[in-house]
Amino acid sequence: METIVLVTGANRGIGLEVGRQLAEQGALVLLSGRNLEATNLAAAAIAKEGYLVEALQLDVTQPKQIDLAASELETRFGKLDILVNNAAVYLDEGSSIFEVSSGTFQDTLATNLVGPLILTRRMLPLLKRSQAGRIVNVSSGMGALHDMRGREAAYRVSKTGLNALTRIMASELQASGIKVNAICPGWVRTDMGGSNAPRNVVQGALGIVWAATLPADGPTGGFFRDGEALDW
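Only a predicted model underlies this, so the values are computations on that prediction, with no experimental measurement involved. (Residues numbered from 1 in each chain as written. Predicted model: local features only at pLDDT ≥ 70, side-chain atom pairs only at ≥ 80, totals over all residues. Heavy atoms only, no water.)

Points about the packing of helix α3 (residues 63-76) against helix α4 (residues 102-127)
Where α3 contacts α4, the axes come no closer than 10 Å and their chain directions differ by 25°. Here α3 is positioned roughly parallel relative to α4, judged by the angle of their axes. Seen along the crossing, α3 lies across α4 with a hand that is right-handed. Taken together, the residues of α4 that come into contact with α3 (itself represented by Ile66, Asp67, Ala69, Ala70, Ser71, Leu73 and Glu74) are Gly115, Ile118, Leu119, Arg122, Met123 and Leu126. In the contact of α3 with α4, the residues fall into 8 nonpolar, 2 polar and 3 charged. (Axes fitted to C-alpha atoms, helices over the stretch in contact; angles between N-to-C directions. Helix = DSSP H or I, 4+ residues; strand = E, 2+ residues; numbered from the N terminus. Parallel < 35°, antiparallel > 145°, perpendicular 65-115°, else oblique. Left-handed = near helix turned anticlockwise from the far one by under 90°. Contact = heavy atoms within 4.5 Å. Nonpolar A, V, L, I, M, F, W, Y, C, P; charged D, E, K, R; others polar.)

Given below as structure tokens:
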């Protein structure tokens, strides 16, 4: 059976490009997003190139949708090989920690931190059936404590938390062979990154795809950009 991949937040930007690159390697890729219409269009565009890509509606803040997605994967494939936790929001750009609303803070953590946790826990039985289970948490250098700065506190804290989640998951899954890594794609030209970013989506996706396809002797529990280790 082919490699089964689930990418969240994949109807555009980095998530879409990650899906494309993994599909080019022969995987069956499930692109998921909150907006099913947009995700269907994204999947159809890649499928026209001859690759195995499908759309799946999934809002990582909605446990019922997570359960439905897991049930569908269980019924259709009986396993999951690669989970890319890419879905994220950036709601407090430029905001001071003393100004950002509690609602914005909570919404950011719900999507960027709690969502990946709940989704990964629900998908874990399927990942354990893979011959080479891989979990990739798409993080950011803005969450690195060694270089922590002011502003964008909600986003920064959510990514710092995701990095911690990566270390904890990797430790607990060490014996299973499932690898868990956090990847910073760099500053990429997307709707979130803006037009001034120096990197394109192809460049941003490469490090994520690298982590998703690590060999058995590859690292786990690390924080990387372009395959190079970053300081936490």
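Still more ground to cover, so stick around.
Quick word on the sheet that holds strand β3 (residues 53-57)
Strand order in the open sheet formed by 8 strands is β3-β2-β1-β4-β5-β6-β7-β8, and the pairing between neighbours is mixed. Either end of the sheet is taken by a strand with one partner, and the two such strands are β3 and β8 (228-229). Bridging between strand β2 (residues 28-33) and β3 involves 5 bridges; their strand directions are parallel. Residue pairing across strands places Gly33 opposite Gln57, the latter belonging to β3. Sheet strands in contact with helix α1 (residues 13-24) are β1 (4-7), β2, β3 and β4 (82-85), and its direction is about 170° off that of β2. Along the sheet, helix α2 (residues 36-47) contacts β2 and β3; its crossing angle with β3, the most-contacted strand, is approximately 175°. (Pairing = 2+ DSSP bridges.)

Regarding the side chain of Asp92
Here Asp92 is to be found in the loop between β4 and α4. Buried charge without a partner: Asp92 forms no salt bridge, and the closest opposite charge is Arg156, 7.6 Å away. Not counting residues up to four positions away in its chain, the partners in contact with Asp92 are Val100, Thr104, Glu152, Ala153, Ala154 and Tyr155. (Buried < 20%, exposed > 50% of the residue type's maximum accessible area, 1.4 Å probe, protein only. Lys, Arg positive; Asp, Glu negative; His and termini not counted. Salt bridge = Lys/Arg side-chain N within 4 Å of Asp/Glu carboxyl O.)

Section: the pairing of strand β5 (residues 134-138)
With 5 of 5 residues buried, β5 is to be regarded as a mostly interior element. Side chains Arg134, Val136 and Val138 of β5 all project onto a buried face; the interleaved residues Ile135 and Asn137 project onto the opposite face, where all are buried too. By the bridge criterion, 4 bridges tie β4 to β5 in an arrangement that is parallel. Pairing of Asn85 across the sheet is with Asn137, part of β5. At this point the chain moves from β4, through α4, to the parallel β5, and the crossover so formed is right-handed. One ladder, built from 5 bridges, connects β5 with strand β6 (residues 179-183); its direction is parallel. The residue bridging Val138 from the neighbouring strand is Ile183, located in β6. Crossover handedness for the path β5 to helix α5 (residues 153-172) to β6: right-handed. (Right-handed = clockwise from strand over helix to strand, strands pointing away.)

Notes on α3
With 14 residues, α3 extends 20 Å between its outermost C-alpha atoms, agreeing within 8% with the 20 Å of an ideal straight helix rising 1.5 Å per residue. Taken as a whole, α3 has its buried residues at Ile66, Ala69, Ala70 and Leu73. Along α3, the residues classed as buried sweep out an arc of 95° about the axis, all on the same side. Exposed side of α3, more than 90 degrees from the buried face: Lys64, Leu68 and Thr75 are the residues found there. Of the surrounding elements, those touching the buried residues of α3 are β2, β3 and α4. (Expected span 1.5 Å × (residues − 1). Arc of directions from axis to C-beta.)

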